Amino acid sequence: MSTIRTRRAAVLAVATVTAALVLTACGGDDSGHAAGHGTSASPTASASTAHNAQDVSFAQGMIPHHRQALEMAGLAADRASSADVKDLAARIEKAQDPEIETMSGWLKAWGEDVPAATGSAESMPGMDHGADSGMSGMPGMMGDADMAKLEKASGKAFDTMFLTMMVEHHEGAVAMAKTEKAKGAYDPATAMADDIVTGQTAEIEEMNKLLGKS
């Protein structure tokens, strides 16, 4: 009997030690997990508010780029003959006008210049105007002569010219947005760039279909 009791006591002792070790391990894992969350939250929060020179360049370039798209879209209501073109123009205005306001807010918060709404070279920091080929470094921008032709056009001629010019304009915006996605640091800016790539790529496909190119 004494031998059996001794064995039982030994088994109980081992079980007690094992249980204690398991509880200690669980407790250690839990505290380590909590600590990990605490340290990871801070960098994420700070990263979302950090910005770099690319973010500034993106906002300062995309604002006038969007403004020209709005100017082009605004002509469609009176000049376009196609209901599809008018609908597209309205959607462009609805999407891009709020983005201009958002980007202007970023630049003000960063203490950077917000491009003026005059369309002049002076209003676009870091941008160099060509005589009639849009702005250097800003793909897809229309020159003054192109805009003048669009303003004088109407009916089906306007539809074709508008769609052709807007495809090029959108392609430029997509290129700028892809650069922001690759090099930008400010989370809201890279998120907007992603939306621009997705939205305007879809509109390019839509416009090419209206032009009979796809």
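Refer to the structure presented above.
Residues numbered from 1 in each chain as written. Predicted model: local features only at pLDDT ≥ 70, side-chain atom pairs only at ≥ 80, totals over all residues. Heavy atoms only, no water.

(A) Looking closely at the environment of E206. Of note, E206 is situated in helix α6 (residues 187-210). Looking at E206, the relative accessible area reads 25%, which means it is partly exposed. Linking E206 and D84, residues 122 residues apart in sequence, is a C-alpha distance of 9.7 Å. In contact with E206, not counting residues within four places along its chain, are L88 and R91. (Helix = DSSP H or I, 4+ residues; strand = E, 2+ residues; numbered from the N terminus. Buried < 20%, exposed > 50% of the residue type's maximum accessible area, 1.4 Å probe, protein only. Contact = heavy atoms within 4.5 Å.)

(B) How the structure looks around the packing of aromatic side chains. Per the stated rule, a full pass over the model turns up 4 aromatic pairs. Summarising the aromatic geometry, the rings of W106 and W110 are spaced 6.2 Å apart at their centres and angled 25 degrees between planes, so their arrangement reads as stacked. Of the two residues, W106 and W110 both sit in helix α3 (residues 83-110), 4 residues apart, roughly one turn of that helix. Like W110, W106 is buried. Ring plane angle 85 degrees and centroid distance 5.5 Å describe the contact between W106 and Y186, whose orientation is recorded as edge-to-face. Taken together, the residues W106 in helix α3 and Y186 in the loop between α5 (155-183) and α6 connect sequence positions 80 residues apart. The pair W106 / Y186 is uniform in exposure class, with both members buried. An aromatic cluster is present here, built from W106, W110 and Y186 joined pairwise through their rings. (Phe/Tyr/Trp six-rings, centres within 6.5 Å; stacked < 30°, edge-to-face > 60°.)

(C) Summary view of the packing of helix α2 (residues 53-79) against α5. Closest axis-to-axis distance for the α2/α5 pair is 10 Å, and the angle between their directions is 165 degrees. As far as their axial angle goes, α5 and α2 are roughly antiparallel. Handedness of the crossing formed by α2 with α5: left-handed. Among the residues forming the contact of α2 with α5, the class breakdown is 14 nonpolar, 8 polar and 4 charged. (Axes fitted to C-alpha atoms, helices over the stretch in contact; angles between N-to-C directions. Parallel < 35°, antiparallel > 145°, perpendicular 65-115°, else oblique. Left-handed = near helix turned anticlockwise from the far one by under 90°. Nonpolar A, V, L, I, M, F, W, Y, C, P; charged D, E, K, R; others polar.)

(D) Region of the structure containing the pattern of salt bridges. Taken as a whole, this structure holds 3 salt bridges when the rule is applied. Across the pair D194 and K181 runs a salt bridge whose closest N-O atoms are separated by 2.9 Å. On the criterion of sequence distance, the pair formed by D194 in helix α6 and K181 in helix α5 is long-range, its members being 13 residues apart. With relative accessibility at 39%, the residue K181 sits in the partly exposed group. Each of D87, R91 and E206 takes part in salt bridges that share partners, so that together they form one network. (Salt bridge = Lys/Arg side-chain N within 4 Å of Asp/Glu carboxyl O.)

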